[in-house]
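Topology and contacts: notes
Read off the chains here:
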Amino acid sequence: MPKALWENLEMIALPTKDGTAGVLILESGDTLYATSYELHMVSRDSTGRAKPVICDFCKTWQSGNRAGNITFSTERHSLSSVSFLCCLDLRCSLHIRNMTQTGKISRSQLREDISEEHRIERLKNSINMLAYRIKLKPIIVSNKENTK
Ligand SMILES: [Zn+2]
């Protein structure tokens, strides 16, 4: 993958064909993580409409049909798991950089006074929080001195 692309991505989802599970690659600072996940649309209420959510990772506002619920196992071979609300497409890195229509819609819905750098910082914090919660071990810790 071209390096320029990586620099704009903190989260890369590698979904299965039906999109209900996959592997998530997470980058925060110099650390790279990978974890499997399960993904579902948020459940609908009695009127059949799914409520909008705000993504727990990137804080993007998502309308009901774009809102997901992601589940991670907290330990290998264990049944304990933790779930978060999320962007169903898991393209959080692009939404916070205004590279998607979704990101622009979210900005008009939430009217946050926060810069793009802060949104990126917040996403990285969320990734660190997630890595801690589900006890992820880094797969790569790179030395930025060598990569620049
Ligand atoms: Zn998101």
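Here, every reference points to the structure presented above.
First, a word on what this report is: a plain description of the structure on this page. (Residues numbered from 1 in each chain as written. Predicted model: local features only at pLDDT ≥ 70, side-chain atom pairs only at ≥ 80, totals over all residues.)

This paragraph deals with helix 4 (residues 116-133). For helix 4, which comprises 18 residues, the first-to-last C-alpha distance of 25 Å matches the rise-based estimate of 26 Å (1.5 Å per residue) to within 8%. Along helix 4, the positions that sit buried rather than exposed are Arg-119, Leu-123, Ser-126, Ile-127 and Leu-130. One side of helix 4 carries all its buried residues, which in axial view fall inside an arc of 100 degrees. Turned more than 90 degrees away from the buried face of helix 4, the exposed residues are Glu-117, His-118, Asn-125 and Tyr-132. The inward-facing, buried residues of helix 4 contact strand 2 (21-28) and helix 2 (92-95). (Helix = DSSP H or I, 4+ residues; strand = E, 2+ residues; numbered from the N terminus. Expected span 1.5 Å × (residues − 1). Buried ≥ 20, exposed ≤ 12 C-beta atoms within 10 Å, placed from the backbone. Arc of directions from axis to C-beta. Contact = placed C-beta atoms within 7 Å.)

Residue placement: Arg-107 occurs in helix 3 (residues 101-110). According to the C-beta neighbour criterion, Arg-107 is partly exposed, with 17 such atoms within 10 Å. Residues Arg-107 and His-95, spaced 12 residues apart in sequence, show a C-alpha to C-alpha distance of 9.6 Å.

One broad rule of soluble globular proteins: the nonpolar side chains tend to lie buried together. Ranked by size, the top nonpolar core spans 22 residues in total, and within it Cys-55, Cys-58, Cys-87 and Cys-92 carry the most contacts. The contacts of Cys-55, once residues within four sequence positions are left out, are Thr-60, Gln-62, Leu-85, Cys-86, Cys-87 and Cys-92. (Core = buried A, V, L, I, M, F, W, Y, C linked by C-beta atoms within 7 Å.)

Our focus in this paragraph is helix 3. Within helix 3, the full set of buried residues consists of Thr-102, Gly-103 and Ser-106. The buried residues of helix 3 occupy an angular sector of 100 degrees when projected down its axis, which confines them to one face. Seen from the open side of helix 3, the exposed residues pointing more than 90 degrees away from its buried face are Gln-101, Lys-104 and Ser-108. Summarising the contacts, the buried residues of helix 3 are in contact with strand 5 (61-62) and helix 2. Within two residues after helix 3, Arg-111 carries a phi angle of roughly 50 degrees, on the positive side.

For the rest of this paragraph, the subject is the environment of Arg-49. In this structure, Arg-49 sits in the loop between strand 3 (31-41) and strand 4 (53-54). Here Arg-49 falls in the exposed class, since 11 other C-beta atoms lie within 10 Å of it. Placed 16 residues apart in sequence, Arg-49 and Asn-65 show a C-alpha to C-alpha distance of 8.5 Å. Excluding its chain neighbours within four sequence positions, the residues that come into contact with Arg-49 are Arg-44 and Gly-64.

The next subject is the environment of Thr-31. Within the element layout of this structure, Thr-31 appears in strand 3. Between the C-alpha atoms of Thr-31 and Phe-84, which are 53 residues apart in sequence, the distance is 21 Å.

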